[in-house]
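# A look at the structure
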Protein chains: 2
Amino acid sequence: MHGQDNMDANLSELKDIVGNQHVLLSKEEQSGFVEDWRKRYHGVARAVVRPKSTAEVSKVLAWAYRNNVAIVPQGGNTGMLGGAIPSTRGDEIILSLTRLRTIRDVDVTNDAIVAEAGCTLLEIQEAAEKVNRLFPLSLGSEGTCQVGGNIATNAGGLEVVRYGPMRDLVLGLEVVLPDGEVLEQIYRLRKNNTGYDLKHLFIGAEGTLGIITAAALKLYPLPKTRVTAIAGLASPEDALVVLGIMKEEFGARLSTIEILSGLEMQLTTKHCGIIAPLQSEHGWYLLIELTETIANDLLTEHFATALHKCIEDGVVEDATVAQNNSQRAQFWNLRHMVAEGNNAAGRVLSHDTSVPVSEGARFIRRVEAAFAGSSDLKLVFVGHIGDGNIHAVAIFDRAKVPDEIFEEKAKEVSSIIFEIAIGLDGSISAEHGIGLSLRDRLKSYKQPREWTLMRAIKSAFDPKGLLNPGKLFAPETSADE
Amino acid sequence: MHGQDNMDANLSELKDIVGNQHVLLSKEEQSGFVEDWRKRYHGVARAVVRPKSTAEVSKVLAWAYRNNVAIVPQGGNTGMLGGAIPSTRGDEIILSLTRLRTIRDVDVTNDAIVAEAGCTLLEIQEAAEKVNRLFPLSLGSEGTCQVGGNIATNAGGLEVVRYGPMRDLVLGLEVVLPDGEVLEQIYRLRKNNTGYDLKHLFIGAEGTLGIITAAALKLYPLPKTRVTAIAGLASPEDALVVLGIMKEEFGARLSTIEILSGLEMQLTTKHCGIIAPLQSEHGWYLLIELTETIANDLLTEHFATALHKCIEDGVVEDATVAQNNSQRAQFWNLRHMVAEGNNAAGRVLSHDTSVPVSEGARFIRRVEAAFAGSSDLKLVFVGHIGDGNIHAVAIFDRAKVPDEIFEEKAKEVSSIIFEIAIGLDGSISAEHGIGLSLRDRLKSYKQPREWTLMRAIKSAFDPKGLLNPGKLFAPETSADE
């Protein structure tokens, strides 16, 4: 569909739309756009186009539609799976949303913020905090990732157990369709039951159905009390028991509960020069945070009592509650630095599976067992035990697994981990999406009819197949599509 | 598409699938199915079919698909807009889901309940409560309405301000597609980012895309403390101020905030023999409930203090906090009885518009102004001010508006109210859906492209147009479709 003819398309028309300096053609100018931040996916773009407004995005898409040019939308380029990187064919245009950076409205009465796609997550969080509200999505990359990308990939992160993923935080969207028409649905309504909810199709569609240019997002009361603890445990089974106790004791106040394996803690403290939070070493750790939207001086004490009870009951070995903000920041720093700890220890292959929350420990045990004899890799586990989304991270010994065999090894390891997740009624992607990386595997994990329906939706929204081709779905030329 | 040929379809094959006694053919047997509970919509069915399992639903749909027979799914038949009532042509089959009544699993560790479509909402609530969990959807009709219908119409109700509507409470669905294939997506996962989220298309689709046979639903911590108050106020503007104060003071604890106009209170207390909750009369009332998932003896006192402060600040005239469960039940009884109060006062025309929460008072004022001079009707207002979903209820004087002119009058009145809601960036249907009643109006309030996309989705899922034809969309014969 988008073959050779697009190479004739007149780029000077694009320059007329966005301005000469916002059509990037040289290799140097394009360098931050054609590969991902981890430098695993390398593409070639005919141009990088940087519109500054929804109107300009609309014109760029209309131009691409007329000329059968494929468009690869890109936000902060912090994705893990290559979803924002063009193919190597060189005939695609990268549409960077970075200049759509206006926060259009901070609407306290409606607990809503209306922001353009290129605003960073941090900018949204800060704008909310200024009016005494919380925007609860929280990710390691929040200073760089952009809200349009967060929506297109249905980002998850650190407070999903309380507030849900990005999908749950969207009130309305403004979306540019492949032919340039703007679908204006920036509703601020809390209830609207008038037909099919198109918004939910665009969320998590990874730019394959339309380009999200702005969104109305939900705001929440800003917590006035935050209490954070680190607990050391003997097993992931105990971690699930502690999760149950925390939910029972604190209800909706439980806003974060992250698990780290002992080796993950060792690598992070060692390679990042962080002081271990507990005196002795433990097999497993939990980072737990409670938040309260009212001032509550008793919460720290209440939390400490609950943890003490866990120690008496033998499900926690040791625990410490942060006594001040500096100590709290130290605990969180540990969680945020795990990727650096892992990278220092070897070549990293991370996974983003999910299982039902109740199966979290079983998932860990089965992955451990599957690689128990391996001398090629070490396993660490880190992630969101309250959501059943525990990242199994394989750290390969670079000496034993040289570059030339890494891809093959990685594929084998991932297949085993995916099968374990699926065997527990889980998913191969919990919060990172599909992108390029998982696209070829995805189909085999879907009921064929679901796949057919997804394809039909794609055709209805993007009949020419111009939006982010090759992402989510394999290219349409493949025989079995 | 589903013309005459379907009359040849062999009903004996249906009897083979569900059993002779579950294919209802006589007028007497069908009487509870072919009209709605308010007796406003009257249809004719070729048969009412009552399968007992997903497998039987699948066989019935496959039969209907082969024979081009249209299917009208029906749950508890408590809908407001005729969405579950067949046309008068007499060639449709009503598919009653009432016998799919198994709660398949109450899964405490995953905070999930898996229930079949025919379970009543009350059965779900009770099953959750038995394991110390809350299923938070709460409606006046909860003893009769069925969870399949609640999902198909994305029901709202009394605790949306805290927990969101039905859409937010669904983890996964089992759906039978028009040709009988079962889409098995009863996920219990909290995170799953693997392509388009089909679940959200079925939610609120009013049975036009597939038949929901079972669902995995979210459970929440069961509140251990509930405190309820009634406040009398001078104006709806003050009600919005109080809403802001309650959110600020109590955060997520605010689980219900309902507004009633003074006349609504008068009619309900008078016609239902309920004692007025406050000593003197007020222009407006709020029913406010706070819930806590932990025991909190201080909440009542804290609530009373906050209300007292509102009185000092002049935004509340009088207020009373329920001192025990019996008084709490009395307050709630008042809210639940409003429909009976209204029906006793005249012929009722209710509306289910929504506006941004901040526009709630403006919406009320504009509706009041639009009918200020009318001698044909009285206006009362009741509903969910925390969601911007305030039901404007016109009560017609039966003497002045006799039956023969009622429909025409009703149409005029509704048009005015809808235009006011739309003028405030609102919606014509917040929690009741579209059904038959609003179908012809809906299209004019949608961006044409949104309508085209909805139509394309309908065609992709139900190419023969056999599922609930004429609901949501006008029949395909109409010239402008």
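Residues numbered from 1 in each chain as written. Chains lettered and ligands numbered in written order. Predicted model: local features only at pLDDT ≥ 70, side-chain atom pairs only at ≥ 80, totals over all residues. Heavy atoms only, no water.

### Here we look at the overall build of chain A
The number of helices and strands found in chain A is 16 helices and 18 strands. C-alpha atoms of chain A, sized along the principal axes, occupy 70 × 55 × 45 Å. Relative to its 481 residues, chain A shows a buried fraction of 60%. A sequence separation of at least 24 residues applies to 74% of the contacts in chain A between residues at least 6 apart. Of the roughly 17700 Å² that chain A leaves accessible, carbon and sulfur atoms contribute 49%. Distance between charge centroids for chain A: 3 Å, based on 49 positive and 63 negative side chains. (Helix = DSSP H or I, 4+ residues; strand = E, 2+ residues; numbered from the N terminus. Buried < 20%, exposed > 50% of the residue type's maximum accessible area, 1.4 Å probe, protein only. Contact = heavy atoms within 4.5 Å. Areas by Shrake-Rupley, 256 points an atom, 1.4 Å probe, with all protein chains shown as cover. Lys, Arg positive; Asp, Glu negative; His and termini not counted. Charge placed at Lys NZ, Arg CZ, Asp CG, Glu CD.)

### A closer look at the relation of the copies chain A and chain B
Take chain A, turn it by 180°, move it 0.0 Å along the axis, and it overlays chain B with an RMSD of 0.0 Å. Here the symmetry operator amounts to a two-fold rotation axis. A share of 100% of interface residues in chain A that are also interface residues in chain B marks the association as one of identical surfaces. (Least-squares fit on C-alpha atoms with pLDDT ≥ 70 in both.)

### Digging into the UniProt feature "domain: FAD-binding PCMH-type" (unreviewed entry) in chain A
In the UniProt entry, the feature "domain: FAD-binding PCMH-type" (unreviewed entry) is given for residues 41–222 of chain A. For residues 41–222 of chain A, the end-to-end C-alpha separation is 38 Å, with 21% helix and 26% strand making up the annotated structure. (UniProt positions renumbered as here; feature names shortened; annotations may be inferred.)

### A look at the packing of helix α9 (residues 262–272) of chain A against helix α12 (residues 338–345) of chain A
Residues and elements named next belong to chain A. Contact pair α9 / α12: the axes reach a minimum separation of 8 Å and the direction vectors enclose 85°. When the interaxial angle is binned, α9 and α12 end up roughly perpendicular. Judged by residue contacts, Glu264, Leu267, Thr268, His271 and Cys272 of α9 engage Val338, Glu340, Gly341, Asn342, Ala344 and Ala345 from α12. Looking at the contact of α9 with α12 residue by residue, the class counts come to 5 nonpolar, 4 polar and 2 charged. (Axes fitted to C-alpha atoms, helices over the stretch in contact; angles between N-to-C directions. Parallel < 35°, antiparallel > 145°, perpendicular 65-115°, else oblique. Nonpolar A, V, L, I, M, F, W, Y, C, P; charged D, E, K, R; others polar.)

### As for the interface of chain A and chain B
Taken together, the contact between chain A and chain B spans 84 residues of the former and 84 residues of the latter. For the pair chain A and chain B, the summed buried area comes to about 6400 Å², and 51% of that belongs to carbon and sulfur atoms. For chain A, the biggest contributors to the area lost against chain B are Lys191, Asn193 and Tyr196 of chain A; these three give 16% of the whole. Our enumeration of links across chain A and chain B arrives at 18 salt bridges. Between Arg449 of chain A and Asp179 of chain B there is a salt bridge, with the nearest N and O atoms lying 2.9 Å from each other. The interface formed by chain A and chain B contains 46 residue pairs in polar contact (both at pLDDT 80 or more). Looking at the side of chain A that touches chain B, the element that brings in the most residues is helix α16 (residues 448–461) of chain A, giving 9 residues. The residue inventory of the side of chain A that touches chain B, partitioned by class, reads 30 nonpolar, 28 polar and 26 charged. (Buried area = accessible area lost by both parts, 1.4 Å probe. Salt bridge = Lys/Arg side-chain N within 4 Å of Asp/Glu carboxyl O. Polar contact = N/O pair within 3.5 Å; in protein donor to acceptor, adjacent residues only side chain to side chain.)

### Looking at the sheet that holds strand β14 (residues 284–292) of chain B
All names here are of chain B. If you walk across this open sheet you meet the 7 strands as β15-β12-β14-β13-β17-β18-β16, and the pairing is antiparallel. Of all strands in the sheet, those with a lone pairing partner are β15 (318–321) and β16 (347–350), marking the two edges. Mean inter-strand twist for the sheet, computed between neighbouring axes without regard to direction, equals 15°. Strand direction decides the pairing type here: β16 and strand β18 (residues 389–396), joined by 4 bridges, are antiparallel. Looking at the pairing, Arg347 lines up with Phe396 of β18. Sitting on the sheet, helix α8 (residues 236–250) is in contact with β12 (225–233), β13 (254–261) and β14, with an inclination near 170° to β13. Relative to the sheet, helix α11 (residues 325–336) contacts β12, β13, β14, β15 and β17 (377–384), its axis offset from that of β12 by approximately 55°. (Pairing = 2+ DSSP bridges.)

### Description of the packing of helix α13 (residues 360–370) of chain B against helix α14 (residues 403–423) of chain B
All names here are of chain B. For the pair α13 and α14, the least separation of the axes is 10 Å and the interaxial angle reads 150°. With respect to each other, α13 and α14 are oriented roughly antiparallel. Crossing handedness for the pair α13 and α14: right-handed. Note on element contacts: α14 touches α13 through Ile416, Ile417, Ile420 and Ala421, opposite Phe363, Arg366, Val367 and Ala370. Its residues assigned to classes, the contact of α13 with α14 comprises 7 nonpolar, no polar and 1 charged. (Left-handed = near helix turned anticlockwise from the far one by under 90°.)

### A word on the side chain of His282 of chain B
Examined against the element boundaries, His282 of chain B turns out to sit in the loop between α9 (262–272) and β14. There is a polar contact of 2.6 Å between the side chain of His282 of chain B and the side chain of Glu317 of chain B.

### Regarding the packing of aromatic side chains
A complete count under the given rule lists 14 aromatic pairs over all chains for this structure. When the ring of Trp284 of chain A is compared with that of Phe381 of chain A, the centres are 5.9 Å apart and the planes differ by 40°; the resulting orientation is tilted. You can see Trp284 of chain A sitting in strand β14 (residues 284–292) and its partner Phe381 of chain A sitting in strand β17 (residues 377–384), a full 97 residues away along the chain. As far as burial versus exposure is concerned, Trp284 of chain A and Phe381 of chain A are alike and both buried. Considering the side-chain rings of Trp451 of chain B and Phe473 of chain B, the 5.3 Å spacing of their centres and the 75° angle between planes classify their relative orientation as edge-to-face. Taken as a pair, Trp451 of chain B in helix α16 (residues 448–461) and Phe473 of chain B in the segment after α16 lie far apart in primary sequence, 22 residues in all. Accessibility expressed as a relative area gives 5% for Trp451 of chain B, which makes it buried. (Phe/Tyr/Trp six-rings, centres within 6.5 Å; stacked < 30°, edge-to-face > 60°.)

### Things to note about the sheet that holds strand β6 (residues 112–116) of chain B
Residue and element names in this part refer to chain B. Read from one edge of the open sheet, 5 strands run β5-β6-β10-β8-β9, paired in antiparallel fashion. Looking at the sheet topology across the chains shown, the edges are occupied by β5 (103–107) and β9 (182–185). Neighbour-to-neighbour, the strand axes of this sheet turn through a mean angle of 15°, independent of strand direction. Note that β6 and strand β10 (residues 211–218) share 5 bridges and pair antiparallel. Opposite Ile113, over in β10, you have Leu217 as the bridge partner.

### Describing helix α12 (residues 338–345) of chain B
Given 3.6 residues per helical turn, the α-helix brings residues three or four places apart onto the same face. All names here are of chain B. Listed as buried for α12 are Val338, Gly341 and Asn342. Projection of α12 onto a plane perpendicular to its axis shows the buried side chains occupying an angular sector of 95°, all on one side. As for α12, its buried residues are in contact with β13, α9, α11, β16, β17 and β18. Trailing α12 by a residue or two, Gly346 shows a phi angle of about 160°, which is positive. (Arc of directions from axis to C-beta.)

### Quick notes on the environment of Leu436 of chain A
Residue and element names in this part refer to chain A. Within the element layout of this structure, Leu436 appears in the loop between α14 (403–423) and α15 (439–445). Remark: the alpha-carbon pair of Leu436 and Tyr41, spanning 395 residues in sequence, is separated by 8.8 Å. Leave out the neighbours within four places in its chain, and Leu436 touches Tyr41, Leu81, Gly82, Gly83, Ile85, Gly470 and Lys471.

### A look at the pairing of strand β2 (residues 45–49) of chain B
Residue and element names in this part refer to chain B. Of all 5 residues making up β2, 5 are buried, and the element is well covered by its neighbours. Where strand β1 (residues 23–24) and β2 come together, 2 bridges link them in antiparallel fashion. Across the sheet, residue Val23 finds its bridge partner in β2, namely Val49. Here 4 bridges tie β2 to strand β4 (residues 92–96), and the two strands are oriented parallel to one another. What sits directly across from Ala47, in β4, is Ile93.

### Describing the domain arrangement of chain A
Residue and element names in this part refer to chain A. Looking at the assigned domains, one finds that chain A contains domain 1 (103–221), domain 2 (225–338) and domain 3 (346–423). For domain 2 versus domain 3, the distance between C-alpha centres works out to 24 Å. Contacts between the two partners involve 18 residues from domain 2 and, on the opposite side, 18 residues from domain 3. Considering only the side of domain 2, the residues that lose the most area to domain 3 are Leu240, Ile259 and Trp284, jointly responsible for 33% of the buried surface there. (Domains from an automatic or database assignment.)

### Examining the pattern of salt bridges
Going through the model one piece at a time under the given rule, you end up with 70 salt bridges over all chains. As a salt-bridge pair, Lys409 of chain A and Asp376 of chain A come within 2.9 Å of each other at their nearest N and O atoms. Placement of Lys409 of chain A in helix α14 and of Asp376 of chain A in the loop between α13 (360–370) and β17 is noted, with a sequence separation of 33 residues between them. On the accessibility criterion, Asp376 of chain A (18% relative accessible area) is buried. Because the salt bridges share partners, they merge into one network encompassing Asp111, Arg133 and Lys224 of chain A together with Lys247 and Glu248 of chain B.

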